[in-house]
Amino acid sequence: MRIGSDFEKIKFDFYGFHLLEPNAFIGDMLLFFIAIFLAVKIGKYKINSPFSSHFRNFLILYGLSFFIGGLGHLLFNYWAIPGKYASWFGAFFVSFLVEKAMISLHPNLKVQVLLNKISMFKLLSMILLEILLLIYVDISNNPSIGLVFPAMNSTIGLGFSLGVLGFYYQKKIHESFKYLWISTLVALPSLLFQSLKINIHPWFDRNDFSHFLLAISLLFYWKFIDEYYRKAISPVIPVII
């Protein structure tokens with residue numbers, strides 16, 4: 001176990017390609033498949049609402065970001081740090097979409113407008129900070145610095161939209177929203193592991209631990225989708241969406 005530093009990246013060759021971090025690639029692909037599966041599951045309910053549209057798009061982009069991120073790990077010898085840019089910037093829009101989804105359910109239209117403006121301002125500010133970081137800071141010796149603003153943005157955005165609003169909607173809309181704020185609590189320990197660089201094993205480092213927690217979080221999304229949409233389409237129990 002290591003704290004404060006990373007293990008050497010796992011290397012392997014495949015058909016003449018010199019590849020890295022198969023463990024991170026596998027974790028990213030797992031998250032990709034789960035997220036896309038959940039997006040397809042929402043689509044099958046055929047409920048047309050801003051919430052459904054934004055939440056489904058959030059899951060699709062969430063999955064694609066991990067797909068690209070997995071390739072960035074695997075092909076680092078070829079793509080280097082620019083190979084990570086797409087997943088880093090994609091993370092900003094992942095958070096933005098889930099914020100849009102949750103804000104669209106707020107019963108007060110004035111609050112909706114205000115929260116949407118704050119969300120947009122946060123998105124543009126964080127993207128600008130990330131661009132300035134990549135232009136003026138040399139992160140070649142420590143690429144994880146590039147994750148600082150995407151992680152900060154996600155922590156604020158998901159914490160508020162799924163955590164605070166999820167708890168509020170549990171009381172106001174449907175009990176199933178509890179699974180969304182619980183999902184944020186499940187993912188919280190990954191911040192500690194990432195910030196302190198806590199690595200359990202070369203084959204299960206801080207990134208793998210984060211992937212493990214995020215996979216559990218997605219299972220809570222699954223539970224939410226199953227209960228909320230099953231109730232939403234019931235003629236007996238109406239749900240305002």
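Residues numbered from 1 in each chain as written. Predicted model: local features only at pLDDT ≥ 70, side-chain atom pairs only at ≥ 80, totals over all residues. Heavy atoms only, no water.

**Thoughts on the packing of helix α4 (residues 85-103) against helix α6 (residues 148-172)**
Here is the rule: Working convention: axes come from line fits to C-alpha atoms, limited for helices to the stretch in contact. Angles between N-to-C directions cover 0 to 180 degrees. Helix and strand labels come from DSSP, where a helix needs a run of H or I of at least four residues and a strand needs a run of E of at least two; each type is numbered from the N terminus. Throughout this description, any angle smaller than 35 degrees is read as roughly parallel, any larger than 145 degrees as roughly antiparallel, any in the 65 to 115 degree range as roughly perpendicular, and the remainder as oblique. In this scheme, a crossing is called left-handed if the near helix is turned counterclockwise away from the far one by less than a right angle; it is called right-handed if the turn is clockwise. Residue contacts follow a heavy-atom distance rule, with two residues in contact if any of their heavy atoms lie within 4.5 Å. Polar here means any residue other than Ala, Val, Leu, Ile, Met, Phe, Trp, Tyr, Cys and Pro, which are nonpolar, and Asp, Glu, Lys and Arg, which are charged; Gly is therefore polar.
With their axes 9 Å apart at the nearest point, α4 and α6 run at an angle of 15° to one another. Considered as vectors, α4 and α6 are oriented roughly parallel to each other. You can see that α4 and α6 cross each other, and the crossing is left-handed. Packed against α4, whose contacting residues are Trp-88, Ala-91, Phe-92, Ser-95, Val-98, Glu-99, Met-102 and Ile-103, the element α6 presents Phe-149, Pro-150, Asn-153, Ser-154, Gly-157, Leu-158, Ser-161, Leu-162, Leu-165, Gly-166 and Tyr-169 at the interface. In terms of residue class, the contact of α4 with α6 is made up of 12 nonpolar, 6 polar and 1 charged.

**Some remarks on the pairing of strand β2 (residues 11-14)**
This is how it is decided: Here, a strand pair is defined by DSSP locating no fewer than two bridges between the strands.
Taken together, the 4 bridges between β2 and strand β3 (residues 17-20) define a ladder with antiparallel strand orientation. Pairing of Asp-13 across the sheet is with His-18, part of β3. Adjacent in sequence and paired antiparallel, β2 and β3 are bridged by 2 residues, among which Tyr-15 carries a positive phi angle near 50°.

**A short note on the nonpolar core**
Inside soluble globular proteins, nonpolar side chains tend to come together where they are buried. Quick note on the threshold: Only buried residues count toward a nonpolar core, which is a set of Ala, Val, Leu, Ile, Met, Phe, Trp, Tyr and Cys residues joined through side-chain atoms within 4.5 Å. Relative accessibility under 20% of the residue-type maximum defines a buried residue, over 50% an exposed one, and the middle range a partly exposed one, all with a 1.4 Å probe and only protein chains included.
Ranked by internal contacts, the top residues of the largest apolar core, which has 36 residues, are Phe-51, Phe-55, Phe-58, Leu-59, Phe-177, Phe-224 and Ile-225. Mapped by element, the contributors of at least two residues to this core are α1 (22-45), α2 (50-74), α4, α6, α7 (178-187) and α9 (206-232). It is α9 that contributes the most residues to this core, 8 residues altogether. In contact with Phe-55, other than residues within four places in its own chain, are Ile-42, Val-98, Ala-101, Leu-180, Phe-224 and Ile-225. Grouped together as the second largest cluster of nonpolar side chains are 7 residues, Phe-92, Phe-96, Ile-127 and Phe-149 included.

**Overview of the packing of helix α5 (residues 109-136) against α6**
Two numbers describe how α5 lies on α6: the axes approach to 9 Å, and their chain directions differ by 165°. As far as their axial angle goes, α6 and α5 are roughly antiparallel. The handedness of the crossing between α5 and α6 comes out as right-handed. Where α5 approaches α6, its residues Leu-115, Lys-122, Met-126, Leu-129, Glu-130 and Leu-133 are matched on the opposing element by Phe-149, Pro-150, Met-152, Asn-153, Ile-156, Gly-157 and Phe-160.

**Topic: a nonpolar patch on the surface**
Just so we agree on the cut-off: Only residues whose relative accessible area exceeds 30% and that take part in no salt bridge are eligible for patches, with like-charged residues grouped when within 9 Å of each other and nonpolar side chains (Val, Leu, Ile, Met, Phe, Trp, Tyr) grouped when within 5 Å. Surface accessibility follows the Shrake-Rupley procedure with a 1.4 Å probe radius. Residue values consider only the protein chains on display as shielding. What makes a salt bridge here is a side-chain nitrogen of Lys or Arg within 4 Å of a carboxyl oxygen of Asp or Glu, nothing more.
A contiguous nonpolar patch, built from Met-1, Ile-3, Leu-192, Leu-196, Ile-200, Phe-204 and Phe-212 and spanning about 700 Å² of accessible area, is present on the exposed surface. Structurally, Phe-204 can be placed in the loop between β4 (198-199) and α9. Residue classification places Phe-204 among the partly exposed residues on the basis of a relative accessible area of 30%.

**With respect to the packing of aromatic side chains**
This is how the line gets drawn: The pairing test for Phe, Tyr and Trp rings, Trp by its six-membered ring, is centres within 6.5 Å, and the orientation test on the planes gives stacked under 30 degrees, edge-to-face over 60, and tilted for anything in between. A ring has a charge above it when a Lys NZ or an Arg CZ is no more than 6 Å from the ring centre and no more than 35 degrees off the ring normal.
As enumerated under the stated definition, the model contains 28 aromatic pairs in all. It is Lys-9 that lies over the ring of Phe-76; its NZ or CZ is 5.8 Å from the centre.

**Brief notes about α7**
Definition in use: Directions pointing from the helix axis toward each C-beta atom define the arc.
Listed in full, the buried residues belonging to α7 are Tyr-179, Leu-180, Ser-183, Thr-184 and Ala-187. Angular distribution of buried residues about the axis of α7 spans 145°; they occupy a single face of the element.

**Describing the environment of Ser-190**
Structurally, Ser-190 can be placed in helix α8 (residues 189-195). Every residue in contact with Ser-190, bar those within four places of it in the chain, is listed here: Phe-209, Ser-210 and Leu-213.

**Digging into the side chain of Thr-184**
Tracing the backbone shows Thr-184 in helix α7. Given a relative accessible area of 17%, Thr-184 falls into the buried group. Discounting chain neighbours no more than four positions away, the residues touching Thr-184 are Leu-158, Leu-162 and Gly-163.

**What about α5?**
For clarity, the cut-off: To estimate how far a helix should reach, multiply one less than its number of residues by 1.5 Å. Polar contact criterion, stated in full: a pair of N or O atoms within 3.5 Å, where within protein one must be able to donate a hydrogen and the other to accept it, and residues adjacent in sequence count only if both atoms are side-chain atoms.
Look at α5: 41 Å from first C-alpha to last across 28 residues, which is about the 40 Å you get at 1.5 Å a residue. Listed as buried for α5 are Gln-112, Leu-115, Ser-119, Lys-122, Leu-123, Met-126, Ile-127, Glu-130 and Leu-133. On its buried side, α5 packs onto α4 and α6. In this structure Asn-108 caps α5, since a side-chain oxygen of it lies 2.9 Å from the backbone nitrogen of Lys-110.

**Looking at unusual backbone geometry**
One non-glycine residue, Glu-21, lies in the positive phi region at around 50°. Mapping Glu-21 onto the fold places it in the loop between β3 and α1. A positive phi is found at Lys-46, a non-glycine position, where the angle reads about 50°.

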